[in-house]
Structure formats: C-alpha cells, structure tokens
Amino acid sequence: MNQGTPVLLSGIKPTGEIHIGNYFGAIKQLVDLLNTGEYRGYIFIADYHALNFVQDAAEMKRLTRELALTYLACGLDPEKVVLFKQSDVSAHTELAWIFDTITTMPYLMRAHAFKDAEAKNKEISVGSFNYPMLMAADILLYDAAVVPVGQDQKQHIEYARDTAEKFNRIFAKENEGTFVLPKPHIMPDVAIVPGTDGQKMSKSYGNTIPLFASREVLTEKVMGIVTDSGGDRPENVYAIHRLIKSEAELAPIYEEHKGKYKALKEALIEDLDAFIAPMREQYEALSQDSAFVDAVLEKGGEAARQAANTKMAAVRKAIGVSA
Ligand code: ADP
Ligand code: TRP
C-alpha cells in the first residue's frame, strides 16, 4: 500500500472483558472499514491510557493479550494493518509532554470527562487530566486522517485537531514538523446495544454478554435478560436479535412465539451462538498460540516505531532540541 493512502487510526483501552456492545458498537465497524482496503491502518492497544484504571501488572498483561486476541479473532488482518501496543512506542509519551507545554489548564478543564469526574467529586489523577494530550499524540504521530470512534470520543479528536493547529502555528516552518489535522469518523450508532437489565450494555453496569461467552454462559445471560411483561415482544431481546438478523427474518419468529418470552430467548441463544461460534473458535485457537500473538505485536511495534520516529525527528527539529 503506498504512502499516499490515508491513515486510519484507532485505539481501545484494555480495561475489561469485551462484550457484544463493544463488538457491534466499535470493533465490527472498524474491521469492516479496514477491510475496504481504502486506508493504511494503525490499530493499537491503549495500555498507557488504561494505566489510569488498571494498576495491577498481571491484570494489565491479561487484558492486553485478550484485546489483541479479540482484534485478531474478529477479522483484523495483521498482514495489512499495523497492530501494536501503545507502550511499545515511547514517542507517544514523549510527544504528549511536548503538547503539555503548549496547552493550558483551563483548556483541559473544559473536557467532558474531566467535568464529569469533577461533578462526581472524584479525585482525578494527573494522568486522567492529561488524557486528551496523550490521545492527541497517539493520533498526530501517524498523520492519521481518519479516526473512527464512538460519539463519546468526539471531543478528544477536536482536542487533537486544536493541538495540531497550535503546534503548527507556534513551531512549524514551511512544511517541516507540521501535523495533519485529523477528522473523527463517528461510527453510526448501530444502536446502543442494551444490556441484560435493559440499560446500555457496559462493563461498569455489570449487565454484559461477553463476546466470547461459552454456550452455557450465553444461555445463562440471555435467560437473565429483563423482559417487560407488557407487550407481545420482549424489546430487550429483540434489540439484540436485530443486530444479527433483519426485521424480515425476525418477523415470522416473533409472530410464531408471540408473548412466549422463553421461546424467543431460546431462538436468540441459537442465533447468537451461531454468529459468535466462528470468532470464538478463532479466539480459542489463537489463545493456544501465544508465540503468534507476541510476534504480531512485536512486528506491529517495530513498524509503528519506525513511522513514529520519523515524525519525531521532524518535531524535535521544529522545537529546536535537535539539529
Ligand atoms: P464499556 O461501556 O463497557 O466500559 P467502553 O467504554 O470501553 O465500554 O467502550 C469501547 C467501545 O465500545 C466504545 O467506542 C463504544 O462506542 C463501544 N460500546 C460500548 N458499549 C456499547 C453499547 N452498549 N452499545 C454500542 N456500543 C458500545
Ligand atoms: N480514548 C479512547 C476510548 O476510551 C481510546 C483511545 C486512546 C483512542 N487513544 C486513541 C481512540 C486514539 C482513537 C484514537 O475509547
């Protein structure tokens, strides 16, 4: 793929077990976009971002590995996409520091995530406060043109754009050391996937259906979905079913089992299991082969470092710390 091909970049924090909300809301769309072949893809595991939440070495290792396996099992092709760990490329934190020096406190205090934490009277770490600057570095290091994220991350992309503009204004001469202004690609809300209690599925609410759940766990979770006793159709069951089958396919099933919630849940278990099985098998096969995952991340780290170091050489020159 040639150098003129636009860069698509995205990251996910390794902070918990991946659930079907993450899959339909983010991973699937990302893999589909990458498979169009229109972009050079850089996909990374945001472990330094996760360090704000996960402060246990064994847990960090486990979650990082699981996330790498998830990407691969969901169809990301490591031959075509650079898959790497953020911490393997020290330029991310180096550039974040440079951005810190041109960023003001009031500007960062306007971030939604910071305001939410403040409103809840949470004690926020300096790392969490600076989160947008590390994220700006992630994006700008690779001249990313397109950054697919959920709606909640849109402001962070705007921070990256503002920071690129500010740096360019202060330091860049001619075309040297300039940053490309990234655009968010807001993934269409395929739908907010509801959890087993009907609220948005989220690891923070304990209402998830894990993506690689065994048939037994799947059965237990689906049978536990809260159903309103009002209508003919259990909406929380239907909303998940809709992600894997069209309305036309579902209509006869929901007609046949009108008002019979147990039968409808059984139908969902069948369909969800059939949908997930190939990815789950791939996940299990890959998890037996730890050398393969290590090799993918190592090769990805190498490629990412190369791109990042080239950019950093221009940045260092632009700010006057190297010739
Ligand atoms: P969680 O809410 O479980 O903590 P994250 O915030 O780590 O999940 O989400 C990672 C990505 O998955 C986000 O980009 C978000 O768009 C997507 N996502 C998470 N939960 C859902 C959901 N219930 N429905 C749709 N997309 C979701
Ligand atoms: N902040 C993102 C999230 O919580 C993860 C992330 C970190 C990211 N760096 C990024 C996403 C760069 C896109 C680009 O979902």
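Being a predicted model, the structure only gives us computed values, none of them experimental. (Residues numbered from 1 in each chain as written. Chains lettered and ligands numbered in written order. Predicted model: local features only at pLDDT ≥ 70, side-chain atom pairs only at ≥ 80, totals over all residues. Heavy atoms only, no water.)

Student: Give a description of the nonpolar core that names residues and reports values.
Tutor: In terms of nonpolar packing, the biggest core is built from 53 residues, with L8, I20, I43, Y71, L83 and L211 touching the most fellow members. For this core, the element with the highest residue contribution is helix α13 (residues 261–287), accounting for 9 residues. Three or more residues apiece are contributed to this core by two domains, here domain 1 (7–190 + 290–319) and domain 2 (203–285). Judged by nonpolar contacts, the second largest core, of 43 residues, contains Y42, L95, F129 and A137. (Core = buried A, V, L, I, M, F, W, Y, C linked by side-chain atoms within 4.5 Å. Buried < 20%, exposed > 50% of the residue type's maximum accessible area, 1.4 Å probe, protein only. Helix = DSSP H or I, 4+ residues; strand = E, 2+ residues; numbered from the N terminus. Domains from an automatic or database assignment.)

Student: Tell me about the site of ligand 1, and name the residues and values.
Tutor: With respect to spatial proximity, 13 residues lie near ligand 1, and among them H19, V193, M201, S202 and K203 are the closest. S202 is positioned with one of its side-chain polar atoms (N or O) 2.9 Å from an oxygen atom of ligand 1. When grouped by side-chain class, the residues that make up the shell around ligand 1 number 5 nonpolar, 6 polar and 2 charged. (Near = heavy atom within 4 Å. Polar contact = N/O pair within 3.5 Å; in protein donor to acceptor, adjacent residues only side chain to side chain. Nonpolar A, V, L, I, M, F, W, Y, C, P; charged D, E, K, R; others polar.)

Student: Residues and numbers for the domain arrangement of the protein, please.
Tutor: As assigned here, the protein comprises domain 1 (7–190 + 290–319) and domain 2 (203–285). If you average the C-alpha positions of domain 1 and of domain 2, the two centres end up 32 Å apart. Each partner contributes to the roughly 1,300 Å² buried at the junction of domain 1 and domain 2, and carbon and sulfur atoms together form 77% of this total. On the domain 1 side of the interface with domain 2, the three residues burying the most area are I20, F24 and A73, jointly 41% of the side's total. At the junction of domain 1 and domain 2, the tally comes to 0 salt bridges. Applying the counting rule to domain 1 against domain 2 returns 3 residue pairs in polar contact (both at pLDDT 80 or more). Only α1 (20–35) and α3 (57–73) provide two or more residues apiece to the side of domain 1 that touches domain 2. (Buried area = accessible area lost by both parts, 1.4 Å probe. Salt bridge = Lys/Arg side-chain N within 4 Å of Asp/Glu carboxyl O.)

Student: Tell me about helix α4 (residues 91–100), residues and numbers included.
Tutor: If you check which residues of α4 are buried, you get A91, H92, L95, A96, I98 and F99. On an axial view of α4, the arc spanned by its buried residues comes to 160 degrees, and they lie on one face. Along its buried surface, α4 packs onto β3 (81–85), α8 (131–140), α9 (154–171) and α14 (290–319). (Arc of directions from axis to C-beta. Contact = heavy atoms within 4.5 Å.)

Student: Can you lay out the packing of α4 against α8 for me, pointing to particular residues and giving the numbers?
Tutor: Between α4 and α8, the shortest axis-to-axis distance is 8 Å and the interhelical angle comes to 120 degrees. By the criterion of interaxial angle, the relationship of α4 to α8 is oblique. In this structure, α4 crosses over α8, and the sense of that crossing is right-handed. Across the interface between the two elements, H92, T93, L95, A96, F99 and D100 from α4 touch M133, L134, A136, A137, D138 and L140 from α8. (Axes fitted to C-alpha atoms, helices over the stretch in contact; angles between N-to-C directions. Parallel < 35°, antiparallel > 145°, perpendicular 65-115°, else oblique. Left-handed = near helix turned anticlockwise from the far one by under 90°.)

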